[in-house]
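The lines below spell out each chain.
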Amino acid sequence: MKAPYFSLQVQAAQPGRRVAARDIVDCVLAGVRAGHLPGGGRLPPVRVLERQLGLSKNTVQAAYDELVARGVLETREREGVFVAKAAAAAPFIEPKAEPPLPRMRPVPGLFRRAPPAGSIALSTVLIDPELLPRERVADCIRSVLRTPGMQSLYDYQGHPHLRELIAARLRARGMNVTAGEVITTVGSQQALDIVARAVDVRRIALENPVYAHARCLFESHELELVPLPLDPFGGLPLDEWEPILERTRPGLVYAITSFQNPTGYSYRTHELVRLLELASSLGFSLLEDDWGSDMLSDSEMRPSLRALGGEHVLYVNSFTKKLLPSLRVGFVVAPEPLVPTLVAQKRLSTLGSPWLPEAALTEFLDRGYYDSHLAELHDALDTRYRVCLDALRELMPEEVRWTTPGGGPTLWLDFPPRLALKPFAERLLARGIFVEDSESAFFGRPHLNGFRVSYAYLPEAKLRHALEIVADEAKSALGRAKGAEQPDVSALKT
Ligand SMILES: Cc1ncc(COP(=O)(O)O)c(C=O)c1O
């Protein structure tokens, strides 16, 4: 591609006279001196200037030739005539005045650390890419790209047939959903975002600990957050939640009901029902994040808040983790009267849906690939889950405990309070194991002392290797901490 050229405002030396070659030379020299024609900037092609000034080609060429001879201009073959560059690296246009940068909010703590290259990411919620159906997705993308008119298709609410398929899948799980109630999003993270933008609610209650990106998202919308304690080793303490909810009166409760992130806890049916009763008696709405549902073996049927509470429960889910994270297709289900507001918020942030991934996913579902993929995925995850539990039982010191989610991608590994997590994580990192700092998942002082362990991401041998290191470091850290707790008897003797 040829560079765009700077226009020249050449004027005759005397009004009423024709422009001469000399005038072009003077004009270029003045422009270069004043910086209007920067080094590396392209000049109009001879034929353009010739037409613009009503001159002969020879006159313009003569002017350019003189400027080239003086070293002011240079010609580049097939590219044009340029102002000679002082230094190759000099910027094309020198900034004249720099406006101040906008003041920015700090980068949230949870984005500040990522697994260093080469380390084993033990806490990730992603699934091992080897278990994902790349080839089949590629087939569907290729097929979709051949659809006539594909490039101009667009739907604000989301691909209509995909919405039909999503609704049918949810109906098969006991939820009474129509395609008109489904809005597709860029991952369920965007679903949470459009809900947060759309609701006329200032206070949201949510589990503590909670999925840190949701917490951070709600905070970025300046919503007031009310933490509801969650102990994954006991039941859901709804007796504790009730007075908190009664006192704080949130407009909405956000609940991750299956394989809660970060603890792996899944709500039991009676807990879902009690939460629905509290919603009715205390007058708050419910936003259910069911991200883990497709990671549960098909044989087990778990009801959702949306199934038990009906269409008033806003429901969020996504295909990202289970399919290809890069497709980023999620969705929110809301009763039809709320759909226009949610779609408007989606349009404000992304205008519409990326048609290609949605159409490819539609084809993937239509061809039956998703169900066969899930069946294979469940088998693989079940095996990895068992390997993980076996390794934990065999390797971990007695005081260490962990949740047993029975599915999903991760469990919570918890250490006695005397183990200081930060230095522990540093020691793990020095041995190539990256565990996520779960601090941003907690409100106030964490009542748990651990991190997520992913059995979905790491192949079995690697997972075991990582757990061996964790166990080894835990034994030393707990041993050291115990030593520090012993009364100093030598001091007593003297
Ligand atoms: C509980 C929960 N909800 C929502 C999301 C967002 O997922 P995505 O945007 O990839 O669909 C995640 C991602 O890890 C999650 O853990």
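Quick caveat: nothing in here was measured; it's all calculated off a predicted structure.

Colleague: Describe the packing of helix α8 (residues 238–248) against helix α9 (residues 269–282), naming the residues involved and giving the relevant values.
Modeller: Following both chains from N to C, one finds α8 and α9 inclined at 15 degrees, their axes separated by 11 Å at the closest point. Judged by the inter-axis angle, α8 sits roughly parallel to α9. Note that α8 runs across α9; the crossing there is right-handed. Touching Leu238, Glu242, Leu245 and Glu246 of α8 are Glu271, Arg274, Leu275, Leu278 and Leu282, all from α9.

Colleague: Tell me about the pairing of strand β9 (residues 314–318), and name the residues and values.
Modeller: Counting buried residues along β9, 5 of its 5 residues qualify, which places the element largely inside the surrounding structure. Side-chain alternation along β9 places Leu314, Val316 and Ser318 on one buried face and Tyr315 and Asn317 on a second face that is also buried. Bridge count between strand β8 (residues 285–289) and β9: 3 bridges; the pairing is parallel. From the neighbouring strand, Glu288 faces β9, where its bridge partner is Tyr315. Bridge analysis of β9 against strand β10 (residues 329–333) gives 4 bridges, and the strand direction is antiparallel. Along β10, the bridge assignment pairs Tyr315 with Val333.

Colleague: Kindly report on the domain arrangement of the chain, identifying the contributing residues and their values.
Modeller: On domain assignment, one finds that the chain holds domain 1 (1–94), domain 2 (115–125 + 372–483) and domain 3 (134–368). Here domain 1 and domain 2 have C-alpha centroids that lie 67 Å from each other.

Colleague: Explain the site of the ligand to me, and be specific about the residues and the numbers.
Modeller: Residues in close proximity to the ligand include Val125, Gly187, Ser188, Gln189, Tyr211, Ile256, Asn261, Asp289, Trp291, Ser318, Thr320 and Gly330, which together make up its full environment. Examining the composition of the shell around the ligand, we find that 3 residues originate from one element, helix α6 (residues 187–198), more than from any other. In terms of residue class, the shell around the ligand is made up of 4 nonpolar, 7 polar and 1 charged.

Colleague: Give a detailed account of unusual backbone geometry, specifying residues and quantitative values.
Modeller: The general pattern is negative phi for most residues beyond glycine and trans for most peptide bonds. Here the bond from Asn208 into Pro209 is cis, since omega is 5 degrees, no more than 30 degrees from zero. Counting through the fold element by element, Pro209 comes out in the loop between β5 (203–208) and α7 (212–220). Residue Pro262 is reached from Asn261 by a cis peptide bond, and omega for that bond is 15 degrees. Looking at the element boundaries, Pro262 is found in the loop between β7 (252–256) and α9. Although it is not a glycine, Arg249 sits at a positive phi angle of roughly 50 degrees. Under the C-beta neighbour-count criterion, Arg249 is labelled exposed, with 12 such atoms within 10 Å. Backbone geometry places Phe259, a non-glycine residue, at a positive phi of 50 degrees. Since 24 C-beta atoms lie within 10 Å of it, Phe259 is described here as buried.

Colleague: Tell me about the sheet that holds β9, residues and numbers included.
Modeller: Spatial ordering of the open sheet is given by β4-β10-β9-β8-β7-β5-β6, a layout of 7 strands whose pairing is mixed. Two strands bound the open sheet, and with one partner strand each, they are β4 (182–186) and β6 (224–229). Adjacent strand axes in the sheet meet at a mean angle of 25 degrees when their direction is disregarded. Looking at chain direction, β5 and β6 are connected through 6 bridges and run parallel.

Rules behind the numbers
- Residues numbered from 1 in each chain as written.
- Predicted model: local features only at pLDDT ≥ 70, side-chain atom pairs only at ≥ 80, totals over all residues.
- Axes fitted to C-alpha atoms, helices over the stretch in contact; angles between N-to-C directions.
- Helix = DSSP H or I, 4+ residues; strand = E, 2+ residues; numbered from the N terminus.
- Parallel < 35°, antiparallel > 145°, perpendicular 65-115°, else oblique.
- Left-handed = near helix turned anticlockwise from the far one by under 90°.
- Contact = placed C-beta atoms within 7 Å.
- Buried ≥ 20, exposed ≤ 12 C-beta atoms within 10 Å, placed from the backbone.
- Pairing = 2+ DSSP bridges.
- Domains from an automatic or database assignment.
- Near = placed C-beta within 6 Å.
- Nonpolar A, V, L, I, M, F, W, Y, C, P; charged D, E, K, R; others polar.

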